[in-house]
Amino acid sequence: VQLQASGGGLVQTGGSLRLSCAASGSIFSISITGWHRQAPGKQRELVAVITRDGSTNYAGSVKGRFAIFRDNAKNTVDLQMNSLKPEDTAVYYCVANVYRPTTGWGNYWGQGTLVTVSS
């Protein structure tokens, strides 16, 4: 299973970016999927996750500014980020809980995409 993330970049404070992540490989089903981030010198933290039926959970710091979407048919998950702040600067990682017939459920991570918000 591979998760390919894209969409990071440099944006000014108040701007928007959309991150995309596509899962490929031997995938029978994906339950929960979403995004985490890691800022320099800090621990990785949850940003937003979404279940297969569309239930979402957001970190308090991004609630109201970020929105997560998924396409179950395409095995993709997107993160729309609006009103970006310098403190949103981080490497963003997509993650998916994937079921494979040979190995059962497991968490898989993308390679990370850098988001830099300039002040």
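This text follows the structure it describes.
My aim in this report is to walk through the structure given alongside it, one point at a time. These numbers were taken from a predicted model, which means no experiment stands behind them.

### Remarks on the nonpolar core
One recurring pattern in soluble globular proteins is that nonpolar side chains are buried together.
Inference 1: Core analysis: the largest hydrophobic core is formed by 30 residues, its most contacted members being Trp35, Val47, Phe66, Ile68, Leu79, Met81 and Tyr92.
Inference 2: Elements represented by at least two residues in this core include exactly strand E1 (2–6), strand E3 (17–24), strand E4 (29–38), strand E5 (45–50), strand E7 (66–71), strand E8 (76–81), strand E9 (90–100) and strand E11 (113–118).

### A few points about the environment of Asp88
Inference 1: Along the chain, Asp88 turns up in the loop between E8 and E9.
Inference 2: For Asp88 and Ala39, which are 49 residues apart along the polypeptide, the C-alpha to C-alpha distance reads 8.0 Å.
Inference 3: Look past the residues within four positions of Asp88 in its chain and what remains in contact with it is Arg37, Val62, Arg65, Phe66, Ser83, Val115 and Val117.
Inference 4: Polar contacts involving the side chain of Asp88 include one to the side chain of Arg37, which spans 3.0 Å.

### Observations concerning unusual backbone geometry
Inference 1: Positive phi, normally seen in glycine, also occurs at Asn75, with a value near 55°.
Inference 2: Its place among the elements puts Asn75 in the loop between E7 and E8.
Inference 3: Overall, the relative accessible area of 24% leaves Asn75 in the partly exposed class.
Inference 4: Look at Ser83: it is not a glycine, yet its phi comes out positive at around 50°.
Inference 5: Looking at the secondary structure, you find Ser83 in the loop between E8 and E9.

Rules and cut-offs
Residues numbered from 1 in each chain as written. Predicted model: local features only at pLDDT ≥ 70, side-chain atom pairs only at ≥ 80, totals over all residues. Heavy atoms only, no water. Core = buried A, V, L, I, M, F, W, Y, C linked by side-chain atoms within 4.5 Å. Buried < 20%, exposed > 50% of the residue type's maximum accessible area, 1.4 Å probe, protein only. Helix = DSSP H or I, 4+ residues; strand = E, 2+ residues; numbered from the N terminus. Contact = heavy atoms within 4.5 Å. Polar contact = N/O pair within 3.5 Å; in protein donor to acceptor, adjacent residues only side chain to side chain.

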